[in-house]
Amino acid sequence: MAKTEARPAKRGGGPPAPKALDFLDLDALLTDEERMIRDAVRQFVDDRVMPGIQEWFERAEFPREMYKELAALGLLGMHLKGYGTAGTNSVSYGLTCLEMEAGDSGFRSAVSVQGSLSMFPIWKFGSEEQKQEWLPRMAAGEVIGCFGLTEPDFGSDPSHMRTAARLDGGDWILSGTKMWITNGGIADVAVVWAQTDEGVAGFIVPRSTPGFSTRDIERKLSLRASVTSELVFDDCRLPADAVLPGVRGMRGPLSTLSEARFGIVWGVMGAARSCFQAALDYSKTRNQFGKPIGSFQITQEKLANMLVELCKGQLLALHLGRMKDDERLRSEQVSLGKLNNVRQALWIAREARTILGANGITLEYPVIRHMNNLESVLTYEGTSEIHTLILGQSLTGISAFE
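Every value quoted in this text rests on a predicted model; they were computed, and no experiment measured them.

## Here we look at the overall build of the protein chain
- Looking only at helices and strands, one finds ten helices and nine strands in the protein chain.
- For the protein chain, the C-alpha radius of gyration of 22 Å lies close to 21 Å, the compact-globule estimate for 402 residues.
- Sorting the 402 residues of the protein chain into buried and exposed places 53% on the buried side.
- Long-range pairs, those at least 24 residues apart, make up 75% of the contacts in the protein chain between residues at least 6 apart in sequence.
- Counting only carbon and sulfur atoms, one obtains 52% of the accessible surface of the protein chain, whose full area is about 18700 Å².

In structure tokens form, the structure reads like this:
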């Protein structure tokens, strides 16, 4: 029997006490490169996002100029290969989404819409000419993209979209309307999905196309530091090479959505961490009945339960990231991650709000901002009901969508 060498005992009689914000030492499961990318993004959020996020949220605006700074860090399309992208692994992309959303969901959306919803379909399904024309400029932040799938009457049921494209000689004529489109009002190019005689197809539509117009959606109480728009296509004439040649049918937009959902699985844990940290810090300094509220059993129970769900969600995100890097991840598994992590992040935000009391509804603290944002994240890229049915179909083999 082989002799096992005993590990040297650590000074103090055991391992160090766990850190509140990394209770399970997930940091040790990351590579040096992954930690370096995460730390760089975290520093960017601290330096460039947090000083202005309250005002951007209050004024309902996104600072478009930030795209150049995001590009300088290599964050736009970072998990793609070639064409000026950083070519990182999926876990590094996930960590970036987590740190960005710890700042605000609008900034994580800016990264994921550009990289996963706009650049990915061109990278995956586009011609070499399309890739060369668009991807390097998008990676450099010179061109901002958006993703047009959802319509006013067809959100969870995009297969029945009304937006259509027909051939007219050698050109395509695109007509229809898309709704709830992140970045629509500031985008230089839109990747739009439309019905054709050969099935659903993707089209690259530059903003300069005659008949293409946008209208920003006003009076939002969620995702305020993000541009959300309606896209209108009034007989837009597009050249034959505007269509993405590599896919027909719903596989195109749905596989693209799965890319974005993966980022959400990670991102919402950043929002949850921010809320947990705010509640923990507040519990140690807010005094009632002559002592900190963190000394009360109910408050400690809330904090402990929040920590448990935060750790579980982070572990789930990391596991899915490793599976994706091993090319073993299926869309149903991404749905499980999105369903669980968004739901638990929103619960953590609500619990944190109760610990902060009345202070929890002001922008002096991040909690109500994250909580409002997460109400949108709960809905976009597939509602919780849709992801529940995806899992149900996977389990039973029976579709309950219709």
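Once the structure has been displayed, the description carries forward.
## Describing the confidence of the model for the protein chain
- Averaged over every residue, the pLDDT of the protein chain is 95; the share at 70 or more is 97%.
- Confidence drops under pLDDT 50 across residues 1–9; counting only partners more than four residues distant or on other chains, this segment forms zero contacts.

## A short note on helix 10 (residues 384–396)
- Look at helix 10: 18 Å from first C-alpha to last across 13 residues, which is about the 18 Å you get at 1.5 Å a residue.
- Of all the positions in helix 10, only Ile386, His387, Ile390 and Leu391 are classed as buried. Angularly, the buried residues of helix 10 cover 140° about the axis, an arc narrow enough to put them on a single face. Away from its buried face by more than 90 degrees, helix 10 exposes Glu385, Leu395 and Thr396.

## A short note on the pairing of strand 7 (residues 228–239)
- One ladder, built from nine bridges, connects strand 3 (residues 171–182) with strand 7; its direction is antiparallel. By the bridge assignment for strand 7, Trp172 is matched with Leu238.
- Across five bridges, the pairing between strand 6 (residues 212–216) and strand 7 is antiparallel. What sits directly across from Arg215, in strand 7, is Glu230.

## Concerning the packing of aromatic side chains
- Inspection of the entire model under this criterion finds ten aromatic pairs.
- A ring pair is formed by Trp56 and Phe107, whose centres lie 5.7 Å apart and whose planes are at 40°; its orientation type is tilted. With Trp56 in helix 1 (residues 32–59) and Phe107 in helix 4 (residues 105–125), this pair connects stretches of sequence that are 51 residues apart.
- Consider the rings of Phe62 and Phe107, whose centres lie 5.0 Å apart with planes at 50°: the pair is tilted. Here Phe62, found in the loop between helix 1 and helix 2 (66–72), pairs with Phe107, found in helix 4; they are 45 residues apart in sequence, far enough to count as distant. Side by side, Phe62 and Phe107 carry an identical accessibility label, which is buried.
- The structure contains a cluster of three or more aromatic residues connected by ring pairs, namely Trp56, Phe62, Tyr67 and Phe107.
- If you follow Arg137 out to its NZ or CZ, it ends over the ring of Trp134, 4.9 Å from the centre.

The rules behind these values
Residues numbered from 1 in each chain as written. Predicted model: local features only at pLDDT ≥ 70, side-chain atom pairs only at ≥ 80, totals over all residues. Heavy atoms only, no water. Helix = DSSP H or I, 4+ residues; strand = E, 2+ residues; numbered from the N terminus. Rg over C-alpha atoms; globule rule 2.2 N^0.38 Å. Buried < 20%, exposed > 50% of the residue type's maximum accessible area, 1.4 Å probe, protein only. Contact = heavy atoms within 4.5 Å. Areas by Shrake-Rupley, 256 points an atom, 1.4 Å probe, with all protein chains shown as cover. pLDDT = per-residue confidence, 0-100. Expected span 1.5 Å × (residues − 1). Arc of directions from axis to C-beta. Pairing = 2+ DSSP bridges. Phe/Tyr/Trp six-rings, centres within 6.5 Å; stacked < 30°, edge-to-face > 60°. Lys NZ or Arg CZ within 6 Å of the ring centre and 35° of its normal.

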